[in-house]
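The chain contents come next:
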Amino acid sequence: MDGTGPDFTPHGKHLIAGEWIAGTTRFPSEPAHGSAHLFSVGTPDLVNRACTAAEEAYWTYGWTSREQRAVFLDRIADEIDARGAAITAIGTSETGLPAARLEGERGRTTGQLRMFAQHIRDGAYLDIRHDAALPDRQPLARPELFVMQRPIGPVAVFGASNFPLAFSTAGGDTAAALAAGCPVVVKGHSAHPGTGEIVAEAIHAAILACGLPAGVFALIQGGKRDVGQAVVQHPLIKAVGFTGSLGGGRALFDLCMRRPEPIPFFGELGSVNPMFVLPAACAARGADIGAAWAGSLTMGAGQFCTKPGIAVVAKGGEGDAFVRSASDALKEVAPQVMLSDGIAAAYRDGKVQLEGRNAVEAVLSTENDGRAAAPNLYQTDAAHYLRDDTLSEEVFGPLGLVIRVSDTEEMLQLARGFTGQLTSTIHMDAADADTARRILPVLERMAGRVLVNGFPTGVEVADSMIHGGPYPASTNFGATSVGTLSIRRFLRPVCYQNMPDTILPEDLRI
């Protein structure tokens, strides 16, 4: 099968240097429903073959024109769309996500590929600067200088568990690296290997159609820690993109730093995305905000990195109304299938650990069995939260924690105690403006995106989007994994001095 029909059956092989390669051992997928399939297990040797092919491809692909790469990105998007029905079928089977969610995510995936194509056609991302020669300047002449951004070399990308399309095989990291001129080696996520395979087939078809080097893209499935370690420590890999757990990401980050040649590790590791409900807003519409928060908290079974897992509200009757409304709304949410058995088990463990903490009150506690997750809600106060670091740990799933504060001064003190976040939100009315002005600098320092009167679930793919933040939200506070600015992660500036036009890069010829 070519993957363009809904009856796609995975073959379970790796894609390396343009060839589909079977491994010596295989692992079964663990679908939410439907048939399981067998997939080859990656090895360090396969990693070496993929990285070697990527390095060879770089010497051609890194010097393609912007238009050639834009056509390639557009063709990948077209090939993914041509396989739309099959991607939805295998994706829903493996992840348990509803078809509408997978179709929307596919649109986001192809949309960001096409957005990057247009972005590099425009050329502004090159940040070209030119200083004309000043041969008569005294006391010293000035040479002619150009500077522009250039691709760094092969990039490793780790597929994410919670976005089988938009943050995985052809997701944002891959799109940005390919747009920059960097070949990509993807370590596929074992929670959705069939989805990864069919998307890799789309990329492979685009490579063939555009006549590009075979090593421009590779997919390595499965494998234990040795495979991930081999990828980040391979001397030909020049950067890593990762979306996953704090523990796993930090381990890979440390490996990148311990290499003989340390490389940048762009990891998105975890965030509780606190939202602060200011007094006037709480008094006027606290119950409405609480109910809306419940919807954001449970969207996609709470398996979003931007899930607003913590709400900060005042003690007293108005804050009580917020909590009561959130709890009532959560009771109406049916259990949802989680992305994998492992994620479901981690959710149950997080719930148990939270219930075992001192001064944590269960507002809504549910039983969670198997791969299904029901909502849970807890509350504590600011003093206990600031004394117990474990309360700040992300629980991936439909679980929320309310932190009660005595007044706005305690709210400000609490805000300063948060670690780095992807997002932070203010709910305010006009009468809250003075408090909002005081808390905004704290939230700006804390998070990569600050919202007012909204909910952070759902990350717009746009030029102005920042999806990153200070550690531990991400490992590089100056980067984003969403939006056109994300391409800068895989570029570096090169200065050209007194370069004759005959060898000057085409983009610099004036």
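Now for a quick tour of the structure. All of these numbers come straight from a predicted model, not from anything done at the bench.

What follows concerns the overall build of the chain. A count of helices and strands for the chain gives 14 helices and 21 strands. Taking 24 Å as the expected radius of gyration for a compact globule of 510 residues, we find that the chain reaches 24 Å, a close match to that expectation. Principal-axis analysis of the C-alpha atoms gives the chain an extent of 75 × 70 × 40 Å. Sorting the 510 residues of the chain into buried and exposed places 56% on the buried side. Within the chain, contacts between residues at least 6 apart in sequence are counted, and of these 76% link residues at least 24 apart. Of the roughly 20400 Å² of accessible surface on the chain, 52% is carried by carbon and sulfur atoms.

Following the criterion strictly, the structure yields 20 salt bridges and no others. We note a salt bridge from Arg250 to Asp254, for which the minimum N-O separation is 2.9 Å. Taken together, the residues Arg250 and Asp254, both in helix α8 (residues 246–258) and four residues apart, mark about one turn of the helix. Under the relative-accessibility criterion, Arg250 is labelled partly exposed at 34%. With a shortest N-O distance of 2.9 Å, Asp429 and Arg285 are connected by a salt bridge.

Here we come to the side chain of Lys351. Residue placement: Lys351 occurs in helix α11 (residues 341–355). In this structure Lys351 comes out as buried when scored by relative accessible area, which is 9%. The residues touching Lys351, leaving out its near neighbours within four places in the chain, are Ser365, Thr366, Asn368, Asn376, Tyr378 and Leu399.

Basis of the calculations
- Residues numbered from 1 in each chain as written.
- Predicted model: local features only at pLDDT ≥ 70, side-chain atom pairs only at ≥ 80, totals over all residues.
- Heavy atoms only, no water.
- Helix = DSSP H or I, 4+ residues; strand = E, 2+ residues; numbered from the N terminus.
- Rg over C-alpha atoms; globule rule 2.2 N^0.38 Å.
- Buried < 20%, exposed > 50% of the residue type's maximum accessible area, 1.4 Å probe, protein only.
- Contact = heavy atoms within 4.5 Å.
- Areas by Shrake-Rupley, 256 points an atom, 1.4 Å probe, with all protein chains shown as cover.
- Salt bridge = Lys/Arg side-chain N within 4 Å of Asp/Glu carboxyl O.

Don't take any of this as a statement about function, it's just geometry.
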